[in-house]
Structure formats: structure tokens, C-alpha cells
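# Notes for the structure review
Chain residues, written in single-letter form:
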Amino acid sequence: MTREIAVVAFAQTDHRRTSDELSEVEMLLPVLHEVLDRTGLRTSDIGFTCSGSSDYLAGRAFSFTMALDGVGAWPPISESHVEMDGAWALYEAWTKLLTGDADTALVYAYGKSSPGSVRDVLTRQLDPYYVAPLWPDSVALAALQAQALIDAGETDEPALAAVAARSRADAGANSRAQLRGSVPHGDYLVRPLRTGDCPPIGDGAAAVILAAGERARQLCERPAWIRGIDHRIEAHSLGVRDLTDSPSTRLAAEKAGAFARPVDCAELHAPFTSQEVVLRKALRLGDEVRVNPSGGALAANPIMAAGLIRLGEAAAAIHRGESDRALAHATSGPCLQQNLVAVLEGDPR
């Protein structure tokens, strides 16, 4: 890399089960104002803007164009969009800044899951010929993965319950989280997964600002430098994958430099407790690494924004001086199909 690029600001909504009274623009606007206020920048100061969202959630084509009302697209701005989690929008913005075409970038993502059935909507990600016609929903597929882990002896139901309890206990310190503190583990949703093993359904948005070189140091007292970032994908067919492992996560981490030196915290996008088991193994995270101190996706999982939030939370920990070298992970698709890994570092103290 020829340029140093850092996350200099992060903001997110209060994540809620429903936000019927708000449009996507109304939900997003306060977040955009907050992230800009953290740096003192105005919209006109931003060199590149990139967003992540899904038309399937909004129920209309090119829904992201409406969100631009919250950004302010006049006078004309340099703007792009990915039909993915906002973590992949951050990746595009990072590559844009690497080219030298811009010194600052605004990245945002949002999702309203409450209006429809997320479990049904996410079936549209599946192989359209062999799997999607069967309509296996996201929870059923996650349950297949969890059962495979149990059958392989890599976890059991009490261990999964402990993951949920730890995550939501840690979320007690996160005022933005949807679920905090002691949450009943509940009944089976799809065996062996109980309601506590699954993420809450909710609405939310997030935004970050990236800056390059000295501009980052001007905008933030302790920038979170992106030392490496990479994303990889598994085979589309679930039948040819080992659901107890995530080679794409491991490869992305290797390419991002995650194994070069230990990290002190990790924000993992693991919407289901069983997925944390897979990711810990793929990323070689021992008990000395604090995983999801924000509560993770088990505490708040706004579709299309939860991965960007993992990057934002990791960066915010560096901003606050709570971490020196953090790992952030985002996923998309069934059973950890697509995975992005980033390594962030703060300047020596």
C-alpha cells in the first residue's frame, strides 16, 4: 500500500426492534450528522461517498438513491453503492483512497428488517437452481451448521448458551445495543438453536469516515489505521462445503496480515452463536483475545449494517485507547459464505 488510511470517526443508531415511524432517510440522517460532527467536516469536504444496503429489504428497486437525500447529493458528489453489507462499501472506499483520487471518504449502511420476514428474504441469496426452491431459511441453515459442529465434537448446547450470555452481558455497556444484559436463552427455534442463539431482528444504520495520511491525524487524535483488509468467498453450493470450518475467513485474515502479530480484541460478525465457534478457530483467536466487547451481532444485527458496525466498533476501541491492534470481521450469505477481515492499529502510545 502506498498510502496510510484510517477510520477517523464512527457513529450508529440506537438499534430498535421496529422503527415504523421513520423512513430509511430519517433513520440515517442523525447518524450522518453525528459522524461528520466528530471530525468537524461538512458534506462538501468529503472526497468520496459509498453506501451499502439491500433493495430486497426496502422492497423497491434502486432504493439507495432515496438515502442520498440524507447525504446531500447537490452539488454533484463522487458516489457509489454496493448491494452488500456496508463493510464491503468500506472496502471500496478504502481502494478509492489508495488511488489518491480522494483524501476522505464517507461510508454508510442501513437496513430496516422489521417490515417483513427476514428469514424469507434471505433465501434469495441461495443457489437459485437447487437450494432456493426449497426455501430453507437463514435460521434453518444456521442450525445445520450448529448441528455439524456438535456432531464433530467442537461445541455443545451449553457452550453455545455461554457465548450468548457473554455477548449480551458485554452489551450492557453498549447503550446502542438492542439486547443488553441477561436475556433468556428461550425455546428451540430450529434445533439445536434456541432463540438466544439467534440475532435479534431490528432496524439500524451506521457510518464511518476514512481519511488518508496526515489528513487522518488532523481529524482524529488517535486514528485507527487499516493495516490490512481482504475478503474472500466460499463455494455457492452448501453441499460441497465443510460447515464446521471457514477457509475463506482464514485466507482473508492471512492476506490482511492478521496472523503476523497478536490482536488484543476482535469484533466478529457472528449472528449465530455457532458461527463464533467457527470464526474463532479460523482466526486463531485464543481466550486472551476479547471477542465482541460491544456485544456483537447477538446484541444488535441490523441487516446490511452489522458488518460495518464491527469495523466501526473495532476502530472506536482504538480511538478510545482501549485497543492497540484489533481485528474486525464481516460476513454475508448463509453459513459464513462471504467473509471480510480487517486489521486496525493505533499509533504507539
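Residues numbered from 1 in each chain as written. Predicted model: local features only at pLDDT ≥ 70, side-chain atom pairs only at ≥ 80, totals over all residues. Heavy atoms only, no water.

A few words now on the environment of Pro247. By secondary structure assignment, the location of Pro247 is in helix α9 (residues 247-256). Looking at Pro247, the relative accessible area reads 41%, which means it is partly exposed. Through-space distance from the C-alpha of Pro247 to that of His231 is 11 Å; in sequence the pair is 16 residues apart. (Helix = DSSP H or I, 4+ residues; strand = E, 2+ residues; numbered from the N terminus. Buried < 20%, exposed > 50% of the residue type's maximum accessible area, 1.4 Å probe, protein only.)

Strands pair in a sheet through their backbones, by hydrogen bonds, and they do so in one of two ways: parallel or antiparallel. One open sheet holds the 10 strands; their spatial order is β3-β2-β4-β7-β1-β8-β12-β11-β9-β10, and the pairing between them is mixed. The open sheet has two edge strands, β3 (79-82) and β10 (290-291), and neither has a second partner. Strand direction decides the pairing type here: strand β1 (residues 5-12) and strand β7 (residues 203-212), joined by 7 bridges, are antiparallel. In the sheet register, Ala11 faces β7, and the bridge partner there is Ala207. Strands in contact with helix α11 (residues 306-319) are β1, β4 (104-112), β7, β8 (224-233), β9 (265-267), β11 (325-332) and β12 (338-345); relative to β1, the strand with the most contacts, it is inclined by about 110 degrees. (Pairing = 2+ DSSP bridges. Contact = heavy atoms within 4.5 Å. Axes fitted to C-alpha atoms, helices over the stretch in contact; angles between N-to-C directions.)

Tallying each qualifying case throughout the model produces 0 disulfides. Here Cys265 is not disulfide-linked; the sulfur of Cys220 is the nearest cysteine sulfur, at 15 Å. (Disulfide = S-S within 2.5 Å.)

The biggest cluster of nonpolar side chains holds 40 residues, and the ones touching the most others in it are Val7, Leu90, Val208, Leu210, Ile226 and Leu344. Both domains that furnish three or more residues to this core are identified here as domain 1 (5-115 + 201-219) and domain 2 (118-198 + 227-345). Setting aside chain neighbours within four positions, we find Val7 in contact with Val208, Ile209, Leu210, Pro223, Ala224, Ile226, Ala315, His319 and Leu344. (Core = buried A, V, L, I, M, F, W, Y, C linked by side-chain atoms within 4.5 Å. Domains from an automatic or database assignment.)

Once that is clear, we can look at the domain arrangement of the chain. Domain parsing of the chain yields domain 1 (5-115 + 201-219) and domain 2 (118-198 + 227-345). A separation of 22 Å is found between the C-alpha centroids of domain 1 and domain 2. Regarding the contact of domain 1 and domain 2, the summed buried area is about 2,800 Å², with carbon and sulfur atoms giving 69% of it. A per-residue breakdown of the area domain 1 buries against domain 2 is headed by His15, Asp85 and Trp88, which together make up 24% of the total. For the interface between domain 1 and domain 2, the tally reads 2 salt bridges. Measuring nitrogen to oxygen at the nearest pair gives 3.3 Å for the salt bridge that ties Arg176 to Glu34. At the boundary of domain 1 and domain 2, one finds 10 residue pairs in polar contact (both at pLDDT 80 or more). For the side of domain 1 that touches domain 2, the secondary structure elements donating two or more residues are β1, α2 (55-58), α4 (86-98), β4 and β7. (Buried area = accessible area lost by both parts, 1.4 Å probe. Salt bridge = Lys/Arg side-chain N within 4 Å of Asp/Glu carboxyl O. Polar contact = N/O pair within 3.5 Å; in protein donor to acceptor, adjacent residues only side chain to side chain.)

In this section: the pattern of salt bridges. As enumerated under the stated definition, the model contains 25 salt bridges in all. The salt bridge involving Arg119 is made with Asp137; its shortest N-O contact spans 2.9 Å. Here the residue Arg119 occupies a position in helix α5 (residues 118-121), and Asp137 occupies one in the loop between α5 and α6 (138-151), the gap between them amounting to 18 residues. Judged by its relative accessible area of 14%, Asp137 falls in the buried class. Salt bridges linked by common partners bring Glu4, Glu214, Arg217, Arg227, Arg261, Arg325, Glu345 and Asp347 together as one network.

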